[in-house]
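Each chain, written out:
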Amino acid sequence: MIENLPQITDNGRTVVDIRSMDMEELTAFLTEQGYPKFRAKQMFEWMHEKRCRDFSEMSNLPAAMRSFLEENCSPVSLKLLDRQISKLDGTQKFLFGLPSGNEQDLVESVFMPYRYGNSVCISSQVGCRMGCSFCASTLDGLIRNLAPSEMLEQIYEIERTTGEKISHVVVMGTGEPLDNYDNLVRFLRLLTMPGGMNLSQRNITVSTCGIVPGIRRLAEEDLSVTLALSLHAANDEKRKKIMPVAKRFSISELMEACEYYFDRTGRRITFEYSLIRGVNDSEQDAKELSALAGRVHAHINLIPVNPVPETGYTQPAEQAVEAFKNRLEKQRINVSIRRVMGRDIDGACGQLRHRKISED
Ligand code: SAH
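What counts and what doesn't
Each chain carries its own residue numbering, running from 1 in the direction its sequence is written. In keeping with the model being predicted, local features are shown solely for residues with a pLDDT of at least 70 and side-chain atom pairs are shown and tallied solely at 80 or more, while totals for entire chains, interfaces and linings include all residues. Side-chain figures throughout are based on the complete set of non-hydrogen atoms in the structure, without hydrogens or water. A carboxyl oxygen of Asp or Glu within 4 Å of a side-chain nitrogen of Lys or Arg is what we treat as a salt bridge. A run of H or I in DSSP counts as a helix once it spans at least four residues, and a run of E counts as a strand once it spans at least two, with each numbered from the N terminus. Summary of the burial criterion: residues with accessible area below 20% of their type's maximum are buried, those above 50% are exposed, and those between are partly exposed, where the area comes from a 1.4 Å probe applied to protein chains only. Here a residue is near a molecule or strand as soon as one of its heavy atoms is found within 4 Å of it. For the purposes of these results, a polar contact is taken to be a pair of N or O atoms within 3.5 Å, where, inside protein, one atom must be able to donate a hydrogen and its partner to accept one; residues adjacent in sequence count only when each atom of the pair is a side-chain atom. For the area figures, the Shrake-Rupley method with a 1.4 Å probe applies, and any residue is considered shielded solely by the protein chains shown. Under the scheme applied here, ten amino acids are nonpolar (Ala, Val, Leu, Ile, Met, Phe, Trp, Tyr, Cys and Pro), four are charged (Asp, Glu, Lys and Arg), and all others, including Gly, are polar. Here the limits of each domain have been adopted from an automatic or database domain assignment. Whether two residues are in contact is decided by their heavy atoms: any pair within 4.5 Å suffices. Computed with a 1.4 Å rolling probe, the buried area is the accessible surface lost when two parts are put together, summed over both parts.

Enquirer: Lay out the pattern of salt bridges in plain terms, naming residues and giving numbers.
Expert: Enumeration over the complete set of coordinates arrives at 19 salt bridges. Residues Asp-285 and Lys-238 are paired through a salt bridge, measuring 2.8 Å at the closest nitrogen-oxygen approach. Of this pair, Asp-285 sits in helix α9 (residues 283-296) while Lys-238 sits in helix α7 (residues 236-242), and the two are 47 residues apart along the sequence. Notably, a salt bridge pairs Arg-295 with Glu-259, separated by 3.4 Å at the nearest N-O pair. Remark: Glu-259 occurs in helix α8 (residues 251-265) and Arg-295 occurs in helix α9; sequence separation between them is 36 residues. In this structure Arg-295 comes out as partly exposed when scored by relative accessible area, which is 38%. Members of the salt-bridge network, linked through shared partners, are Arg-19, Arg-53, Glu-153, Glu-157 and Arg-160.

Here it is in C-alpha cells:
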C-alpha cells in the first residue's frame, strides 16, 4: 500500500509519513482508502494547525479512521532530550531524539530571539558528510537524511516548548540541505503553505556549502527563499584545503550558479565567511572576497570561527576582524559581523550533538 508514499521508520515499523504529505497527496491517500475528501482537510488541520501528535485525540474523525491511522501512519514526535538556555542573550539550544529509536539519531536546533522576531535554526540531516574542516557537525559523519516532517517538527516543538511564535527559519543547523534536496523542498512547501505555519518565503534562509546543481535546481522551484553560500575562502586553492566540496565545484562555477539564482528569484545571495586566524583573514583574502561579492551583489556575513576543540582553529583578534570588515566596506561591499550568540551553551554548529554522542 505504501510504496509510493513518504515513509518513515517509527520504532522499528515502516509506516506512512503522513505529516510530510501536502494537501493533494493527503487527499489522494485518504480517498483511496474510501474516506471522503473533507477528511483530508480535517487531518491537515489536526497535524499542522492544532499540531496534534496523537491520532486518538483527533476527535472529529470516525473511530475506524483513527485506528487505521494509528496502524499505518506515523505521527512523528521528536523527544526533547536536552535544552540549554543562554544567560547572555536568551538563545536556546534544543537536542531532540527521533522516533527511529537509534541512539545516534539526534538532532539539534537553536531558538534565537531577535528584535525583528524569533528565528529558529534547524537541522536538515542527522550528521553531515561534507567534511568541512572547521565544523563540529561533520565529525561523526552522516547518519541519515531528515524527513520533511522531522524538519517541521523541530519548529513545532520549539514553539510548543517556548510558547513563542516563530517568524524566521534558517536551515543552517547540522547537515547539508542540498544533499537532502527533495525532502528540503517538500519541507519548504509545507512550511509556507496556508493552513500550516504559512511562513513568508522571504523569512526563510537555506545555507549551503555550495552544491552547484542543487543551487540551480532551487532557483527553478519558484520559491523566493534567501540562499546563503558558505564560501569561507575566495580562491579554489584555499577553499579546497578547508572544504572538500570545493574539489567538486570551482568558485567560478559557484558564482555562475549564484548569478543564476539571483536572476531567477530576485533574491540577493549571502556569503557566509568564517574568519579563521592565519587561514583566510589576510589583506589579499579580503581583496579576492570583495571581487566575488561585487560580481554577484552578495551581502557578506563575517563570522569569527567558533572554536571547536577538534579543529585547532582560532579566531582572529577583534581588531583584525574589524580591519577585514573595513577592507570589504572600502570596496563598497555590504557586510556585517555576525553577532555571536549562545557562547555559553555549545553555540557552534553540531557541538551539542557531538558532545552527547562522545559522552555515551
Ligand atoms: N551545510 C550548510 C549548512 C550548515 S552549516 C552550509 O555549509 O552552509 C551552517 C553555517 O555554519 C555554515 O556557514 C558553516 O560553514 C558554518 N560553520 C560551521 N562550523 C562553524 C564554526 N566552527 N565556526 C563558524 N561557522 C561555522
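Enquirer: Before we move on, could you go through unusual backbone geometry and cite the residues and values that matter?
Expert: Backbone geometry follows two general trends: most residues other than glycine have a negative phi, and most peptide bonds adopt the trans configuration. Its identity as a non-glycine residue notwithstanding, Asp-222 has a phi of 65°, on the positive side. Even without a glycine there, the phi angle at Arg-332 is positive, about 60°. Positionally, Arg-332 belongs in the loop between α10 (318-330) and β14 (335-337).

Enquirer: So, the site of the ligand: which residues are in play, and what are the values?
Expert: In the vicinity of the ligand, 18 residues are found, and the nearest of them are Glu-176, Ser-207, Ser-230, His-232 and Asn-306. Between a nitrogen atom of the ligand and a main-chain N or O atom of Phe-134, the distance comes to 3.0 Å. The contact in question runs from a nitrogen atom of the ligand to an N or O atom on the side chain of Glu-176, over 2.9 Å. Protein chains bury 93% of the 530 Å² of accessible surface belonging to the ligand in isolation. Mapped onto the shell around the ligand, the elements with two or more residues apiece are β10 (204-208) and β12 (270-275). Residues belonging to the shell around the ligand are distributed by class as follows: eight nonpolar, eight polar and two charged.

Enquirer: Tell me about the domain arrangement of the protein, and name the residues and values.
Expert: Once the domains are mapped, the protein shows domain 1 (7-74) and domain 2 (79-359). The partner domain 2 presents 20 residues to the 17 residues of domain 1 that form the contact. Note on domain 1 versus domain 2: buried area summed over both sides is about 1400 Å², and carbon and sulfur give 47% of it. The interface formed by domain 1 and domain 2 includes five salt bridges. In this structure, the salt-bridge partner of Arg-53 is Glu-153, at a minimum N-O distance of 2.9 Å. At the boundary of domain 1 with domain 2, the tally comes to nine residue pairs in polar contact (both at pLDDT 80 or more). Per-element tally for the side of domain 1 that touches domain 2: the top contributor is helix α2 (residues 38-49), with four residues. The residue makeup of the side of domain 1 that touches domain 2, split by class, is four nonpolar, five polar and eight charged.

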